[in-house]
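Overview (structure and organization)
The lines below spell out each chain.
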Amino acid sequence: MPEADSGVVPALDVDSVDILKHLVELTTDVDGIVGYKLGIAGALRLGLSGAVRAIREISDLPIIYDHQKAGLDIPDMARRFSAVCHEAGVNSLILFPLGGPGAVREFVCQARQVGLVPVVGGALPFPEYSVSGGGYVADDALDRILAAALGHGATDFVLPAHDHALVGRHSRFLREHIDRPGLFLPGIGPLGGSIAEAFAAAPGCRRYAVVGRAITDANDPREAARRLGGQALAAAT
């Protein structure tokens, strides 16, 4: 996981190895860039091991793999999934174990058993996801997932950055149970979240802004990374 207590994690949701490597080359030495999130598009095109190797040719920053979203499966798949990801060389897994308490237990514990850091969530940054917004996921699903994950040793979590009230409420709950929980906060920029406001909602936590298009689609990705990394470092002081 990131050594720093705050920063930006670029989301490398891109279509080719050349673009992926170019983005890593432009950003890996930028102050405030503390890791990379590798998504399913890169993993499907290159193979997970190939995508990790492409990043490792340039950077030794931690790699978080987001399988969009792993954990929503039968508990028996947790061991196989965690083993494959460990062999590929990632450092951490984003998990959305919506399948119930058994899925939370197995995906969190199996990830930890092979030395990967589980980053556990259950909410996405758009309104139609939950029942109250017209979607299908129970409004209290994230509450129950986080409570269960804590019981199995999870220390890092993913919360939607645009919902400051949600970030504040869950960060308070997490701080009551563990010291300096890690929060990964997607939804910065086009989805409505801001680094300053999301970080301010979670004092006492390690805070990482997960940023995709605001960096990958920028005319100057390096300058965008510098600006956003600076915002993260300033917001953490």
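Below is a short write-up of the structure.

Rules and cut-offs
- Residues numbered from 1 in each chain as written.
- Predicted model: local features only at pLDDT ≥ 70, side-chain atom pairs only at ≥ 80, totals over all residues.
- Heavy atoms only, no water.
- Salt bridge = Lys/Arg side-chain N within 4 Å of Asp/Glu carboxyl O.
- Helix = DSSP H or I, 4+ residues; strand = E, 2+ residues; numbered from the N terminus.
- Buried < 20%, exposed > 50% of the residue type's maximum accessible area, 1.4 Å probe, protein only.
- Pairing = 2+ DSSP bridges.
- Axes fitted to C-alpha atoms, helices over the stretch in contact; angles between N-to-C directions.
- Contact = heavy atoms within 4.5 Å.
- Core = buried A, V, L, I, M, F, W, Y, C linked by side-chain atoms within 4.5 Å.
- Right-handed = clockwise from strand over helix to strand, strands pointing away.
- Arc of directions from axis to C-beta.
- Parallel < 35°, antiparallel > 145°, perpendicular 65-115°, else oblique.
- Left-handed = near helix turned anticlockwise from the far one by under 90°.

**Brief notes about the pattern of salt bridges**
Evaluated as defined, the whole model comprises twelve salt bridges. Lys-37 is the partner of Asp-13 in a salt bridge, and the nearest nitrogen-oxygen pair spans 3.9 Å. One end of the pair, Asp-13, is in the loop between strand 1 (6–12) and helix 1 (17–27); the other, Lys-37, is in strand 2 (residues 36–38), with 24 residues separating them in the sequence. Judged by relative accessible area, which is 8%, Lys-37 ranks as buried. A salt bridge links Asp-66 to Lys-69, with the nearest nitrogen and oxygen atoms 3.3 Å apart. Relative accessible area serves as the criterion here: at 2%, Asp-66 is assigned to the buried category. A residue is classified by how much of its surface remains accessible, and Lys-69, at 25% relative accessible area, is partly exposed. Connected via shared salt-bridge partners are Asp-13, Lys-37, Asp-66 and Lys-69.

**Notes on the sheet that holds strand 6 (residues 156–158)**
Strand order in the closed barrel formed by eight strands is 1-2-3-4-5-6-7-8, and the pairing between neighbours is parallel. The average undirected angle you get between the axes of adjacent strands in this sheet is 25°. Helix 3 (residues 48–56) contacts strand 1, strand 2 and strand 3 (63–70) of the sheet and is inclined by roughly 155° relative to strand 2.

**Some thoughts on the nonpolar core**
Core analysis: the largest hydrophobic core is formed by 77 residues, its most contacted members being Val-8, Leu-38, Leu-48, Tyr-65, Val-90, Leu-93 and Phe-157. Tallying contributions element by element places helix 6 (residues 141–151) first for this core, with six residues.

**So, the pairing of strand 4 (residues 92–95)**
Within a regular strand, side chains alternate between the sheet's two faces. Of the two faces of strand 4, the one carrying Ser-92 and Ile-94 and the one carrying Leu-93 and Leu-95 are both buried. Note that strand 3 and strand 4 share four bridges and pair parallel. If you follow Ile-64 over to strand 4, its bridge partner there is Ser-92. Viewed along the sheet, the connection from strand 3 through helix 4 (residues 77–88) into strand 4 turns out right-handed. Strand direction decides the pairing type here: strand 4 and strand 5 (residues 117–120), joined by four bridges, are parallel.

**Describing helix 6**
All of the buried residues along helix 6 are Ala-141, Leu-142, Ile-145, Leu-146, Ala-149 and Leu-150. Seen end-on, helix 6 carries its buried residues on one side only, within an arc spanning 155°. Turned more than 90 degrees away from the buried face of helix 6 sit Arg-144 and Gly-151, all of them exposed. On its buried side, helix 6 packs onto helix 5 (101–113), strand 5, strand 6 and helix 7 (164–175). Just beyond helix 6, the residue with positive phi is Gly-153, at close to 95°.

**Here's the deal with the packing of helix 6 against helix 7**
Between helix 6 and helix 7, whose axes approach to 11 Å, the crossing angle comes to 25°. By the criterion of interaxial angle, the relationship of helix 6 to helix 7 is roughly parallel. Between helix 6 and helix 7 lies a crossing whose hand is right-handed. Each of Leu-142, Asp-143, Leu-146, Ala-147 and Leu-150 in helix 6 lies in contact with helix 7, whose residues at this interface are Leu-166, Arg-169, His-170, Phe-173 and Leu-174.

In short, the description is geometric, and any link to function would need to be established separately.
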